[in-house]
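Structural features, examined
Spelled out, the chains give:
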Amino acid sequence: MTFLVTVPNGGLRSPRRNATLAGVAHHRWNQRLHIARLERGYSQAELADAVRASRDTIGRIETMRAIPSVSLALAIANEVNATVEELFGHLDLR
């Protein structure tokens, strides 16, 4: 079961297409997740299947409409070979 905390939808900038996870510490956490997912070659649906969540859940996290539970954040980080701190270390909800 996946638990999410809903947050207000904020304006987002698209991450740079050629960015890598190591070089995007200044990006919002949702952009770091998006880049990490693409670096591993996952679609939202493929990552969702791998972590036993829905594609909609991954999409909501990437658009900052939801914050993952601790267990989901750990599963996502493990799947994209990153730490939770690298992906979600600074929750900028502005």
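Please refer to the structure placed before this passage.
Please read all numbers here as calculations on a predicted model, not as lab measurements.

Each value, and the rule that gives it
- Residues numbered from 1 in each chain as written.
- Predicted model: local features only at pLDDT ≥ 70, side-chain atom pairs only at ≥ 80, totals over all residues.
- Heavy atoms only, no water.
- Buried < 20%, exposed > 50% of the residue type's maximum accessible area, 1.4 Å probe, protein only.
- Helix = DSSP H or I, 4+ residues; strand = E, 2+ residues; numbered from the N terminus.
- Salt bridge = Lys/Arg side-chain N within 4 Å of Asp/Glu carboxyl O.
- Core = buried A, V, L, I, M, F, W, Y, C linked by side-chain atoms within 4.5 Å.

Section: helix 3 (residues 55-62)
For helix 3, every residue scored as buried is listed here: Thr57, Ile58, Gly59, Ile61 and Glu62. Phi turns positive, to about 60°, at Met64, one or two residues after helix 3.

Observations regarding the pattern of salt bridges
Within the structure shown, the criterion is met by 2 salt bridges. In this structure, the salt-bridge partner of Arg40 is Glu39, at a minimum N-O distance of 3.0 Å.

Let's talk about the nonpolar core
One broad trend across soluble globular proteins is that nonpolar side chains are buried collectively. Ranked by size, the top nonpolar core spans 17 residues in total, and within it Leu33, Leu47, Val51, Ile76, Val80 and Leu87 carry the most contacts. Taken together, the elements giving at least two residues each to this core come down to helix 1 (29-39), helix 2 (44-51), helix 3, helix 4 (70-79) and helix 5 (84-88). If you tally residues by element for this core, the top one is helix 4, at 4 residues.

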